[in-house]
Amino acid sequence: MADAVELEVAGRTVRLSSPDKVFFPERGFTKLDLARYYLAVGPGILRALRDRPTTLERYPEGVNGENFFQKRAPKNMPDWIPTAHITFPSGRSADEMCPTEVGAVLWAAQFGTLTFHPWPVRRDDVDRPDELRLDLDPQPGTDYSHAVRAAHELRSVLHDYGDLRGWPKTSGGRGLHVFVPIAPHWTFTQVRRAAIAAARELERRMPDQVTTAWWKEERGEKIFIDYNQTARDRTIASAYSVRPRPHAPVSAPLTWDEVGSALPRDFDLATMPVRYAERGDVHADMDDHAYSLEALLELAARDEHDHGLGDLPYPPEYPKMPGEPKRVQPSRAKKG
């Protein structure tokens, strides 16, 4: 095994130790392959991460080894990588890395980072998201094709409420993500409320195919719109992130024309650089837009006033939130 190699990017030299270490045994991809992948899609993943507090999903011994999520900036992080001070729902806080250049992505890859989980905020305002992120999660009995149908209807919902435009991407698994760039005017609570409103409208339009039920026992064979992915400290894998599965899939940005024709397995550590070289970043114009959530927040207000549809449960590790319904699994509540 080679001792180390050095990679050059935009005037930075990043040292990669043990470059021949195999990270994906099924495909034979090494740590060096991982770093070269991120170099190949560098401008794309930097667009997704730039200035965002970012949690690192690390697999130091490869995809079959132990893993952990690193939220706090590592002590050995070079001083040219900035940080942002963020606060968790528990009240604790930490400094997280905020990539501003591709070299930061390569540096993280050196320490076994496969997936990057950026917050939906920028480091100059960590309390007001600039993205509305909608996660379409296939439940048992459903698959990617069902998520595709839901995503196309979600596109219509977004258009109907504020003329919003979403940018779709594969999750790297069976689901789809749709990101909407927004002006950073609203709190996490308000953005989550807008996500719930969009999800409920989609559920009304596709009641047999879509659910907002937080408790798994109530979801059935439907696509779950995971509104809690918009809660503070909940993050979604970035575009171009490699996902920790044996065949090294990646979260692939798509055009709407590709949603349905392209399949998640089309995009992996080997194929995405080819696509990127041919087409570039198909989400490159996201940062040119900043939409308003007013129409979705008005829909949320009408849902509450006219139909009694208020808040929905938060994840279990969150403190009890104002207006939140009982955070009790329905089957247990009945027994009680």
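Residues numbered from 1 in each chain as written. Predicted model: local features only at pLDDT ≥ 70, side-chain atom pairs only at ≥ 80, totals over all residues. Heavy atoms only, no water.

- Taking an unreviewed UniProt entry as the reference, the protein chain is identified by name as Non-homologous end-joining DNA ligase belonging to Streptomyces heilongjiangensis.

1. Focus: the overall build of the protein chain
And then number 1: If you tally the helices and strands in the protein chain, you get eight helices and 14 strands.
And then number 2: What you see for the protein chain is a C-alpha radius of gyration of 20 Å, in line with the 20 Å of a compact globule of 336 residues.
And then number 3: Its C-alpha atoms give the protein chain principal-axis dimensions of roughly 65 × 45 × 45 Å.
And then number 4: Buried residues in the protein chain amount to 56% of all 336 residues.
And then number 5: Within the protein chain, counting contacts between residues at least 6 apart in sequence, those at least 24 apart form 68% of the total. (Helix = DSSP H or I, 4+ residues; strand = E, 2+ residues; numbered from the N terminus. Rg over C-alpha atoms; globule rule 2.2 N^0.38 Å. Buried < 20%, exposed > 50% of the residue type's maximum accessible area, 1.4 Å probe, protein only. Contact = heavy atoms within 4.5 Å.)

2. Structural notes on the pattern of salt bridges
And then number 1: Counted by the stated rule, this structure contains 24 salt bridges.
And then number 2: With its nearest N and O atoms 3.5 Å apart, the salt bridge here joins Glu61 to Lys21. Of the two residues, Glu61 sits in the loop between β5 (54-58) and β6 (68-70) while Lys21 sits in the loop between β2 (12-17) and β3 (22-24), which places them 40 residues apart along the sequence.
And then number 3: Given a relative accessible area of 55%, Glu61 falls into the exposed group.
And then number 4: Where Glu201 meets Arg205, a salt bridge forms, and the shortest distance between an N and an O atom there is 2.9 Å. Of this pair, Glu201 and Arg205 are both found in helix α5 (residues 188-205), four residues apart, which corresponds to roughly one turn of the helix.
And then number 5: What emerges from the salt-bridge pattern is a single network uniting Arg52, Arg122, Asp130, Glu131, Arg133 and Asp287. (Salt bridge = Lys/Arg side-chain N within 4 Å of Asp/Glu carboxyl O.)

3. Looking at the sheet that holds strand β11 (residues 167-170)
The pairing of strands in a sheet comes from backbone hydrogen bonds and takes either a parallel or an antiparallel form.
And then number 1: Taken in spatial order, the five strands make up an open sheet running β11-β12-β10-β14-β13, and their pairing is mixed. Whereas interior strands pair on both sides, the edge strands pair on one side only; in this sheet they are β11 and β13 (210-211).
And then number 2: Looking at chain direction, β13 and strand β14 (residues 223-225) are connected through two bridges and run parallel. Within β14, the residue paired with Val210 across the bridge is Ile223.
And then number 3: Contacts between α5 and the sheet are confined to β10 (131-138), β13 and β14, with β10 contributing the most and set at about 45 degrees to the helix. (Pairing = 2+ DSSP bridges. Axes fitted to C-alpha atoms, helices over the stretch in contact; angles between N-to-C directions.)

4. Some thoughts on the UniProt feature "domain: DNA ligase D polymerase" (unreviewed entry) in the protein chain
And then number 1: Per the UniProt entry, the sites bearing "domain: DNA ligase D polymerase" (unreviewed entry) are residues 30-282 in this numbering.
And then number 2: For the annotated span residues 30-282, helix accounts for 28% and strand for 19% of the residues, and the straight-line distance between the end C-alpha atoms is 27 Å. (UniProt positions renumbered as here; feature names shortened; annotations may be inferred.)

5. Examining the packing of aromatic side chains
And then number 1: The final tally for this structure, using the stated rule, is 10 aromatic pairs.
And then number 2: When the centroid spacing of 5.0 Å and the interplanar angle of 65 degrees are considered together, the rings of Tyr37 and Tyr38 count as edge-to-face. In this pair, the class of Tyr37 matches that of Tyr38, namely buried.
And then number 3: Consider the rings of Trp214 and Tyr227, whose centres lie 6.0 Å apart with planes at 55 degrees: the pair is tilted. Of the two residues, Trp214 sits in the loop between β13 and β14 while Tyr227 sits in the loop between β14 and α6 (271-279), which places them 13 residues apart along the sequence. Of the two residues examined, Trp214 and Tyr227, each falls in the buried class. (Phe/Tyr/Trp six-rings, centres within 6.5 Å; stacked < 30°, edge-to-face > 60°.)

6. A short note on unusual backbone geometry
And then number 1: Its identity is not glycine, yet Ser18 carries a phi of approximately 45 degrees, on the positive side.
And then number 2: Following the sequence through the fold, Ser18 ends up in the loop between β2 and β3.

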